[in-house]
Structures are given as C-alpha cells and as structure tokens.
Amino acid sequence: ETTGSVSPPCSCLNDGVCRDGACVCPEEWVGPLCELVNFCEASIYTESTAEGILKNLTFQRIIVGRYSYSAEKCEPDTVNGNRSKAIRMCTRVGKIPTLQHPHILNCNENLDSLASQVETADFSNISAIASNTQILTSMPNQLTTQSISTAANIAVNILRKPNISTDSQASASVMATVSQLLDANETEFNHNNLIDVTASLTRTMEEFSLTSNITQSNIAVQSVPLKLNSSSILFSAQKDTELGYLLSTKLEVQENVPGLNGDLSTEVQILLNILNNNNGRAGFVLYQNSKFFKSRIYKSHGSFSKRIVSGNVDGGRTSGVELAFSPKYNTSELQLRDHACVFWDYATNDWSTVGCTKGRDQFLRCKCNHTTNFAVLMSFQIKYKYAKPLEYISYIGIGLSMAGLVITMLFQIFTRKTRKSSITWMLVSLCFSMLIFNILFISGIENRNARNYGSDTTRYDQQNQAYNTSDNTLLTSDLVDPPADPWCTAVAVLLHYFLLATFMWTALNAAQLYLLLLKAMQPLPGRFIVTVSVVGWGIPAMVVAITFGVTYREGKALNYRQEEFCWLAGLDENHNFSTEKPMLWSFLLPVALILLFNFIVLINITVSVIWRDNKNLTRNKRDSFMKRVISTISIVVVLGITWTVGYLMLINQEETSLIFSYVFCILNGTQGLQICILYTFRSPIFKKKVSEVFPVFSMPEIPVYLHSKIYYVSKAHLAKHAKETFKSSTTVSEDISLSTLSNCS
C-alpha cells in the first residue's frame, strides 16, 4: 500500500550532491547526473619561434569557458618580464571539451600600446588585443590605479564593438580581464580618477549582458530572450561554501515565476516584473565584490564582500524589481545590525535609496523602481565577549582586601605618634590608592553594554520586518561601534590612574626602605613627604592625561579602552596584541620598569639585611628561619612583586595562561588583606590595643631582646660605632614600616 509518490533518490556521479531530487555538480562536471566532463586536461603546446626553434608551453587543467596561463614566462629584461607568455581557453564542441590554440603574448607589448590600437582595430584584431590585455592583467596584486584605468578603457572599447558577442573568444577574454580587475588591491580603487572609468565599464556591461552568457571567477553575465507570455523573470545564484568564486553551474534564470523563492541555499535573487513585452531580451550581471562601486558616503572598514547585481530589459519595461540577499553574516565574530537597499545612481556616482524599500525575514529583501546595479549595504557590530560578572569568590576576596586596607589606614593614622610621619604617609598612600582601585574594579569594571546591549545582539537577526521606506536610509559604514558609554570610559581612566598610582607608591616604599635599611639615612631628606607626594600622585596623572589625550577621540572611545570591560585597549581588530594600543606603552612598560626597580631593592634588602649572618650575635638572639621568611614575604607584598605573575598570563598557551590567571587572582586579589595581616595584625601595638579592648584576646608577651642587638652599617663604621642600640621592638618595627623586619638583623 502506498501513501503517495516518492521521488527516487538521484545517483550523482563524480562527487555530485543530491539536492531536492536533482544533482548539484562540482565545477568540473555537468549533466543530470554530473556525468559529463566540464574541463580540458592539462596540456603542452609546442610553438615555433621566428628562428624556427620549438618551445613548449605548459598549461594546467582548464574549466570549460575559462582560461589557463602558461607556466612559461616572458624574459625578465622584457617589458612584460615574468608574466605568462600565453593563455589557452577550453571550450565545448557538442559535449566534448576542446582546447583552443593558445594566444601568445608579445613580451614587449604593454597596456598603453594596446589602448592606442583598440579604437581603430578591425574585428579581426580584437581577439588578439583582448587576449593580450587579459595576460597583462593576470597578476591583479601588481595592478596600479593607472593600469586598472587603461585596462578598463580597453574593455569598454572592445565591448562596444558591433556584434562582439559573436566572437566568443574575445568576449571571454574581456570578461576574464574584468574579473581580474576585481581582484586588484582595494586601495587602488580609492582614487577619484577611476570613478568615471568604472561607471563607463559597468554601464557597458549592462548593455553587453543582453546578448551574452559568460561566467568568470568574479563576474557572471546571463542573457535570456523574453517570450510574449513572459510576465516575470528570475535570476538567482546559489551559495558555495567552499569556493570563493562564481560558478556557472550555480546560476539560474527562470521565467514566469510567482515570486522570489525561499530556498536558503540561494544567495542572490533578482526578479523583474515585465510589462509590454515585445520579444525583447533580459540581461543580468553579477559582481563578486563592489570595487567598481566606490562610495564617498558608505565606507568599508572590514573585509565584507558585497555582491552587486543588475537587471536590464530590452524590448519591454518593468513595473518594479524585487531582490533577496542571503549573504554570509552573523559569524562567530560579527553580528548584523542594520541593512539598506540601494542602487547605483550614475548621476551622482554613488549609492542611493530613492525608490527602494527594504524588508526582512530569512532574507534581506528589497523592492525598487530601478533595474540596475543593486546591492544591500550592511552594517555589522563586533560580537564582543563581554566579561562575565564577578563570581562570589572574587567579591569575597576583594571585599576582605578592601576591609584590610581600611583597617590598615585607620591603624596607621590613629597610632601615628608612635612612628615617623613619613612611614605613616607612605603606607597610607599606598593603601588608599589600592583601596580606590579595588572599589572601582568591583563596582565599575563591567561594561554596562553587557547588560543593556550585549544580551540583545540577536534582536535584529530575529525580527521580521515588512517592506519599509522610512527606515531604508543610506548607511555610512559597514562596521559600527557599540553604543557610547561615557561611564565606562571614566571608569577606565580612573582605574588606569589609581593602579599606576598604586605601583608608583610601591616604588616609593622601595626607595624609602633602601634609604633606611641600606643607606642608614636617618633622618630622611627634608621635604621628603612633599617630594614623594608629588611623585606618587603626579607622575601617574601625567601618564594618564597624555595617554587619554593621544588616543581618545569623540566617538572613538575604543582607541583608549576596551569594550569587553572598562580597561585599557590592548588588542587590534583581529584580537591580536597590538603595540599601538595604550595597554603596552602606558601601562605594561611603566609597570614593568617599576617592578624591576622593586625587585632589585628586594634582592638587596634580602641579601644585605634579612638573610645576612651576624656572628656578633649570640645564638639565642639570632632570628629564626620563620621570622626571616615572614620578613621577606612582607617586603614582597608591599612592593607588589606578585604582580609579575600578570606578565606570565601573556604566554600564548591556554592551559599555562589559565594556571597563571588563577595564581594572579589569588595573590593580587587579596593583596590588601595580606598587607593588613603583615603590617597591622602582627604589630605589637595592634595586639596591645586589641588585648585592652578585648581581654579575652590577650596573649602572654614573648620578650624580644632588641635592645641588645648589634646593627653594623658598614665596615668603615665598625671602629667608631661598634655597638648601636635601636629602639624597642614596638617602635623599631614602625620606623621601617615592616613589623616583621624589626625582629631581623
């Protein structure tokens, strides 16, 4: 029992793919089952020179309707040195692909000499001129603005020759030349003197499309006669996910169709609704990119390919044109934000939206009153990977760090009479800059666009729009920035400043320790507090001001900061670390210099003071190993040495970078808490105050005989100052701003 007719599966040959009951063939094969060869095999052609010498010309496999360039080149000392000496075309005779005789280039010919010949050349010489032009433009990356202009003018003159479409070889050569021009460097088309040339070429292509069917890698021309009963005609091109060029097997022209088709495999469609058909013809041109259509308004900043399609009718007129584009967009890095339906206005030589409306479903749709050179201009936004909200462990770690910094500052301020003012000011300044940085980080590092905009990136992609005229406005760029967020920029500036200030104060603490412990400079130089204040708060302000002034521009905040979170910009458009971004020269380099200085001071203090053996002290008065370790850790923390782990995160190896990221977060996220434990909780004064307020926390005192310690400043002072008694452990620890160091000698 059957429930209905079932289409038999197609048995495609030669890697053909069965789709909707029909075989979709690769370029090398055609036919209902992809059974017919569509190429000419690689060949060797032997030519005889004027001197009677036989030379071989070698050609690779050629697709029917295409050309191959010889492996042999012109001599380097000729005008066309290192260019292919010949081209060879593959055509079809019946069902058999057939190689034509090669066209051999005059190695001393150039585009200018060909341009002077083409205007007066008769029909018999046109093919040779077209072939030579094709060869001379066969290296698109070497084409200049002038050579593009000359080659385009040659193409125009050839295409305007009467009955040129009857010369298949000349026509194919011209189309191959035009295709090669579309591969030239984008920058060569930015000159104004090319506008009139390319406009003339595209207009001529429209006229040529009425009589020819030619497909090259970057351009396709299709012509079809109109029948008396033809009311509509549809031209479509299917997507090809593997090849970067147009395929003749993926182009289709249909008559009397009810409308645009809904096949998602179709990339470009243009439907002409025909009135007053007089047995005329319809022609279509499809351009692989928009280099011939350089707009002064719409600027391209990315490598987005914009296909241009035109429809032209001779012997009839149209009541309107419908188009549907399904380009490759919404990649892993880009999100389509808007589009506009436009046509090329030859009066202004620019895109125009007049008479066009746009719509949207699974395709980008257009309706226009014109029939020539349509495109859909699109604007994209980068899919920023916004930083995820901080996890609870981060809040806990930074919260404890902030509490520790507050306790340390209050303790230093309220007990300042027991220590020198410079010690208090240095540590309080360090803690204050670190505290403000932590507050800004925990409350403002997340970009508000992540909440207000980042989660809405699919809204445009999901919405359906009816055809709309008012919204069809000409776009100005193919890449748009996310909504401006002055708050995020302000946070980035403040974070930049207070983190630089934090590192600057670690360097000043290192300088003070150097003076106190290694130079034994007591008292410190006059106006010391004023000097270090100007340096500690002023230099970071100068760095931030210069950086912001150099990089920030109105509407270009991302030159200074990132979009993913409110911090300095460091990556380029391709997500590679950039030396031109402020992250390197206004943060990483200054911090690296500070950390290098701090590390040198740390090594000197560790070797010369903390871990130095003093044989003049009796055994029971020498410091224990643990006390020395704690003293070393105290200096490491206050000098910010642990921030060097951040540079190890730059290693371009995912697992290694992840490990260092965790270590970095643990060590530096709790730096304020570490300072509080090492410089406040371990202080004898703090312990005494706590025991007075909370007697339950009182601890028996363990005497430390600092009054009998000998501190040698240098050998030169041994005779004069053989023994020097410092203050008690309570005051000595505060004098050098290291509570644990007071127990070392």
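Under the annotation held in an unreviewed UniProt entry, the protein carries the name AGRG7 protein and is attributed to Crypturellus soui.

Asker: Any chance you could break down the overall build of the protein for me, citing the residues and the numbers?
Answerer: The secondary structure content of the protein amounts to 18 helices and 26 strands. Across the 745 residues in the protein, those meeting the buried criterion constitute 50%. At a minimum sequence separation of 6, the contacts of the protein that also span at least 24 residues come to 71%. Total accessible area computed for the protein in this model is approximately 36,700 Å², and 57% of it derives from carbon and sulfur atoms.

Asker: Pulling in residues and values, what's your account of unusual backbone geometry?
Answerer: The phi angle at asparagine 82 is positive, at roughly 70°, despite the residue not being glycine. Relative to the assigned elements, asparagine 82 resides in the loop between strand 9 (67-69) and strand 10 (86-93). For asparagine 82, a relative accessible area of 45% corresponds to the partly exposed category. Although it is not a glycine, asparagine 256 adopts a positive phi angle of roughly 50°.

Asker: How would you sum up the pairing of strand 15 (residues 232-238)? Please name residues and give values.
Answerer: Of all seven residues that make up strand 15, six are buried, and the element is covered over most of its length. Where strand 15 lies against strand 17 (residues 266-275), seven bridges are found, and the strand directions are antiparallel. Each bridged residue has a counterpart across the sheet, and for glutamine 238 the counterpart in strand 17 is threonine 266. Summarising the sheet, strand 15 and strand 16 (residues 251-255) pair through five bridges and their orientation is antiparallel. Bridging from a neighbouring strand, isoleucine 233 pairs with glutamate 255 of strand 16.

Asker: A description of the nonpolar core should follow, citing residues and the corresponding values.
Answerer: Counting residues in each nonpolar core, the largest one holds 64 residues, and the members touching the most others are Phe503, Trp567, Phe587, Ile605 and Leu639. If you list the elements that add at least two residues to this core, you get helix 6 (392-414), helix 7 (421-444), helix 10 (486-518), helix 11 (528-551), helix 12 (582-610), helix 13 (625-638) and helix 16 (671-681). With 17 residues, the single largest contributor to this core is helix 10. When residues no more than four places from it in sequence are discounted, the contact partners of leucine 639 are Thr506, Asn509, Ala510, Leu513, Leu595, Asn598 and Leu602. Val118, Ile126, Ala130 and Phe293 belong to the second-largest nonpolar core, a separate cluster that totals 58 residues.

Asker: Could you give an account of the UniProt feature "transmembrane region" (unreviewed entry) in the protein, naming the residues involved and the relevant values?
Answerer: Under the present numbering, the feature "transmembrane region" (unreviewed entry) in UniProt falls on residues 392-411, 423-445, 494-516, 528-552, 587-611, 632-651 and 657-681. Annotated as residues 528-552, this span is 96% helix and 0% strand, and its ends, taken at the C-alpha atoms, are 36 Å apart.

Asker: For the state of the cysteines, give the residues involved together with the corresponding values.
Answerer: This model, assessed by the stated rule, comprises eight disulfides. Residue cysteine 488 pairs covalently with cysteine 566 via a disulfide, S to S 2.0 Å. Note on the cysteine 488 and cysteine 566 pair: the S-S dihedral is about -120°, so by sign convention the disulfide is left-handed. Placement of the pair is cysteine 488 in helix 10 and cysteine 566 in the loop between helix 11 and helix 12, with a sequence separation of 78 residues. Classification of cysteine 488 by relative accessible area gives buried; the value is 0%. For cysteine 566, a relative accessible area of 0% corresponds to the buried category. With no disulfide of its own, cysteine 431 has cysteine 676 as its nearest cysteine by sulfur position, at a separation of 8.7 Å. Under the relative-accessibility criterion, cysteine 431 is labelled buried at 1%.

Asker: Explain the pairing of strand 18 (residues 281-287) residue by residue, including any values.
Answerer: With six of seven residues buried, strand 18 lies mostly within the body of the structure. Here seven bridges tie strand 14 (residues 219-225) to strand 18, and the two strands are oriented antiparallel to one another. Bridge assignment links serine 223 to a residue of strand 18, and that residue is glycine 283.

Asker: Describe the environment of serine 236, and please don't skip the residues or the numbers.
Answerer: Along the chain, the position of serine 236 falls in strand 15. Using a relative accessible area of 5% as the deciding quantity, one classes serine 236 as buried. Distance in space between the C-alpha atoms of serine 236 and glutamate 267 is 7.5 Å, their sequence separation being 31 residues. Non-local contacts of serine 236, meaning those with residues more than four positions away in its chain, are made with Lys250, Leu251, Glu252, Thr266, Val268 and Gln269.

Asker: For the packing of helix 10 against helix 11, give the residues involved together with the corresponding values.
Answerer: Running from N to C, helix 10 and helix 11 point in directions that differ by 145°, and their axes come no closer than 9 Å. Between helix 10 and helix 11 lies a crossing of right-handed hand.

Asker: Break down the packing of helix 2 (residues 123-136) against helix 4 (residues 168-181) for me, citing the residues and quoting the values.
Answerer: Running from N to C, helix 2 and helix 4 cross one another at 25°; their axes reach a closest spacing of 8 Å. Classified by the interaxial angle, the pair formed by helix 2 and helix 4 is roughly parallel. In the crossing of helix 2 with helix 4, the sense of the turn from one axis to the other is left-handed. Only Gln169, Ala170, Ser173, Val174, Ala176, Thr177 and Gln180 of helix 4 make contact with helix 2, whose side of the interface consists of Ile126, Ser127, Ala130, Ser131, Thr133 and Gln134.

What counts and what doesn't
- Residues numbered from 1 in each chain as written.
- Predicted model: local features only at pLDDT ≥ 70, side-chain atom pairs only at ≥ 80, totals over all residues.
- Heavy atoms only, no water.
- Helix = DSSP H or I, 4+ residues; strand = E, 2+ residues; numbered from the N terminus.
- Buried < 20%, exposed > 50% of the residue type's maximum accessible area, 1.4 Å probe, protein only.
- Contact = heavy atoms within 4.5 Å.
- Areas by Shrake-Rupley, 256 points an atom, 1.4 Å probe, with all protein chains shown as cover.
- Pairing = 2+ DSSP bridges.
- Core = buried A, V, L, I, M, F, W, Y, C linked by side-chain atoms within 4.5 Å.
- UniProt positions renumbered as here; feature names shortened; annotations may be inferred.
- Disulfide = S-S within 2.5 Å.
- Axes fitted to C-alpha atoms, helices over the stretch in contact; angles between N-to-C directions.
- Left-handed = near helix turned anticlockwise from the far one by under 90°.
- Parallel < 35°, antiparallel > 145°, perpendicular 65-115°, else oblique.

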